[in-house]
Amino acid sequence: MTLTFNWFLPTNGGDSRNVVGGGHGVEAGPAGRPATVGYLGQVARGAEQLGFESALVPTGAWCEDAWITSAMLSEVSERLNFLVALRPGLMSPTLAAQMATTFSNLSGGRLLLNVVTGGESAEQRAYGDFLDKDARYARCEEFLTVVRRLWDGERVDFAGEHVRVEGAQLHHLPQVRPEIQFGGSSPAAGTVAAKHADVYLTWGEPPAAVAEKVRWIRELAEAEGRTLRYGLRVHVINRDTSEEAWAEADRLLAGIDDATIAEMQAGLARSESEGQRRMLALNGGSRDNLQIHPGLWAGVGLVRGGAGTALVGSHEEVADLIEEYQAAGIDQFVLSAYPHLEGAYWFGEGVLPVLERRGLWKRPVAQVSTR
């Protein structure tokens, strides 16, 4: 099966040659490059020219709004899809379905949705959402039920525990139905993913752990009569030689002081996210023993919430590790680096040609804009 590669847009105040910490309830650290349309446009254009199919646009109080950012950047790019992070509890399902339809139709079908239920109650309360984590997942299931029925062209009357609509209907349907990507490591997350996701996303744990997650979700999806695809969200540090790549990892680690590690680890430990708990367990809050699998480095997670691991090595070695994840059931990758612009070129000009020679990746065909 041909693999798909996606990049990341650093809308959290910018980008840096060092690891930018924060997220998951922890305040973002300093960055060296502002999140302007000019700079983010460079990242987006570079990603699409290199062969990445989409770019993940994050959501949260720590970054710029994902919808507005994506809409602006769609005008300075041509082919790139936008994987827009969406929090179900912050708008009605009817409005979300309408917004997604509008974006998709006006951009030529260049919208994917990354549904983020919200693992941090404190941040959710800041937005006026006072449900606990389990209730947020229950609401998410109802929300996605309504959204999918609306995209099917139905007139929807729905009265759930958390979502209620009457006579909801879209007057314009999406010409290209937005794909739903969904992550989560708790039992409640697995239930929602099995029922509604097109792609299940997980963070970069060792291949054996990822394979176990894929088996878990696959069994749940089969019980629903559905087949999903599987993606990995992870960072990457690849260079011409293994020595150069690991020297870069050492440089990033040297740029993080012990006080910052202690502060960030304490903040991230308060997260309600099961996935975040698993990320913290990989690094143990220590600079020692951060290579947790050959070529998989847990140093990023010392200060950054969410995806906390990186693929590290020569172009060939990183391609080998990607093949390990493919064997575990992964066919899509959402990648990032520090800094994001240069990192896209290192991967796009280094690893993608290796995978192409192996018959594992094919450059996307340019889409013709309908605008």
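These remarks concern the structure in this document. In this text, all values refer to a predicted model and were calculated from it rather than measured experimentally.

The rules behind these values
- Each residue is numbered by its place in its chain's sequence as written, counting from 1.
- Per-residue local features are limited, in this predicted model, to residues with pLDDT of at least 70; the limit for side-chain atom pairs, both in listing and counting, is 80 or more; totals at the level of whole chains, interfaces and linings are taken over all residues.
- Only heavy atoms go into the side-chain values, all of them from the structure, while hydrogens and water stay out.
- By definition, a salt bridge exists where a carboxyl oxygen of Asp or Glu is found within 4 Å of a side-chain nitrogen of Lys or Arg.
- Helix and strand definitions follow DSSP, with helices as H or I runs of at least four residues and strands as E runs of at least two, each counted in order from the N terminus.
- Burial here depends on accessible area, computed with a 1.4 Å probe over protein chains only, as a share of the maximum for the residue type. Under 20% is buried, over 50% is exposed, and the range in between is partly exposed.
- Note on definitions: angles span 0 to 180 degrees between N-to-C directions of axes, and those axes are lines fitted to C-alpha atoms, for helices only across the stretch in contact.
- Note that the term roughly parallel is reserved for angles under 35 degrees, roughly antiparallel for angles over 145, roughly perpendicular for angles of 65 to 115, and oblique for everything else.
- Left-handed is the label given to a crossing in which the near helix is rotated counterclockwise from the far helix by less than a right angle, and right-handed is the label when the rotation is clockwise.
- Between two residues, a contact is recorded if the distance between any of their heavy atoms is within 4.5 Å.
- Basically, the charged four are Asp, Glu, Lys and Arg, the nonpolar ten are Ala, Val, Leu, Ile, Met, Phe, Trp, Tyr, Cys and Pro, and anything else, Gly included, counts as polar.
- A pair of strands counts as paired when DSSP detects no fewer than two bridges linking them.
- Orienting the strands away from the viewer, one traces the path from the first strand over the helix to the second; a clockwise path indicates a right-handed crossover.
- The patch calculation keeps residues exceeding 30% relative accessible area without a salt bridge and links them within 9 Å when they carry like charges or within 5 Å when they are nonpolar (Val, Leu, Ile, Met, Phe, Trp, Tyr).
- Computed with the Shrake-Rupley method and a 1.4 Å probe, the accessible areas treat only the protein chains shown as cover for residues.
- Note on charges: Lys and Arg go in the positive column, Asp and Glu in the negative column, and His and the chain ends are not counted at all.
- The location of each charge is read from NZ of Lys, CZ of Arg, CG of Asp or CD of Glu.
- Stacked, tilted and edge-to-face are the three classes assigned to paired rings of Phe, Tyr and Trp, where Trp is represented by its six-membered ring and a pair needs centres within 6.5 Å; plane angles under 30 degrees give stacked, over 60 edge-to-face, the rest tilted.

### Quick notes on the pattern of salt bridges
Opposite charge on two side chains allows them to pair when their charged atoms are near.
Argument step 1. Summed over all chains, the structure comprises 20 salt bridges.
Argument step 2. Between Arg33 and Glu342 there is a salt bridge, with the nearest N and O atoms lying 2.8 Å from each other. Taken together, the positions of Arg33 in the loop between strand E1 (4–8) and helix H1 (37–50) and Glu342 in helix H12 (residues 340–357) put the pair 309 residues apart, joining distant regions of the chain.
Argument step 3. By relative accessible area, Arg33 is classed as buried at 17%.
Argument step 4. Here the salt bridges share partners, and the residues they tie into one network are Glu316, Asp320, Glu323, Arg357 and Arg358.

### A word on the packing of helix H11 (residues 315–327) against H12
Argument step 1. Axis separation between H11 and H12 bottoms out at 9 Å; the angle between their running directions is 60°. Of the possible angle classes, the one that applies to H11 and H12 is oblique. Read as a crossing pair, H11 and H12 show a hand that is right-handed. Across the interface between the two elements, His315, Glu316, Val318, Ala319 and Ile322 from H11 touch Trp346, Phe347, Gly350, Val351, Val354, Leu355 and Arg357 from H12.
Argument step 2. Per-class residue counts for the contact of H11 with H12 are 8 nonpolar, 2 polar and 2 charged.

### Details of the pairing of strand E9 (residues 229–239)
Argument step 1. Buried residues dominate E9, accounting for 10 of its 11 residues.
Argument step 2. With 5 bridges joining them, strand E8 (residues 199–203) and E9 adopt parallel strand pairing. Residue Trp203 lies in a different strand from E9, and its bridge partner there is Arg233.
Argument step 3. You can see the chain leave E8, run along helix H7 (residues 207–223) and come back into E9, and the turn it takes is right-handed.
Argument step 4. Of the strand pairs in this sheet, E9 and strand E13 (residues 332–336) are connected by 5 bridges, and their pairing is parallel. By the bridge assignment, Gly231 is partnered in E13 with Gln332.

### Re the environment of Val116
Argument step 1. Tracing the backbone through its elements, the reader meets Val116 in the loop between strand E4 (111–115) and helix H4 (121–126).
Argument step 2. A sequence separation of 58 residues divides Val116 from Pro58, and the C-alpha atoms of the two residues are 9.3 Å apart.
Argument step 3. Every residue in contact with Val116, bar those within four places of it in the chain, is listed here: Thr59, Ala85, Leu86, Arg87 and Pro88.

### With respect to the pairing of strand E7 (residues 179–183)
Argument step 1. Burial analysis of E7 places 4 of its 5 residues in the buried class, which makes it a mostly covered element.
Argument step 2. For E4 and E7, the ladder comprises 4 bridges, and the chain directions are parallel. Note on E7: the bridge partner recorded for Leu113 is Ile180.
Argument step 3. Here E7 runs beside E8; their pairing, made up of 3 bridges, is parallel.

### Quick look at a negative patch on the surface
Argument step 1. Among the surface-exposed residues, Asp240, Glu243, Glu244 and Glu317 lie close enough to one another that they form a single negatively charged patch.
Argument step 2. Its location among the elements puts Glu243 in helix H8 (residues 242–254).

### Some details on the packing of aromatic side chains
Argument step 1. According to the stated counting rule, one finds 8 aromatic pairs in the structure shown.
Argument step 2. Note on Trp67 and Phe103: the rings are 6.3 Å apart at their centroids and 65° apart in plane angle, and the pair reads as edge-to-face. With a gap of 36 residues between them, Trp67 in helix H2 (residues 66–73) and Phe103 in helix H3 (residues 93–107) connect regions that are remote in the sequence.
Argument step 3. Overall, the relative accessible area of 9% leaves Phe103 in the buried class.
Argument step 4. Three or more aromatic residues link up through ring pairs in this structure, and these residues are Phe5, Trp7, Phe52, Phe333 and Phe347.

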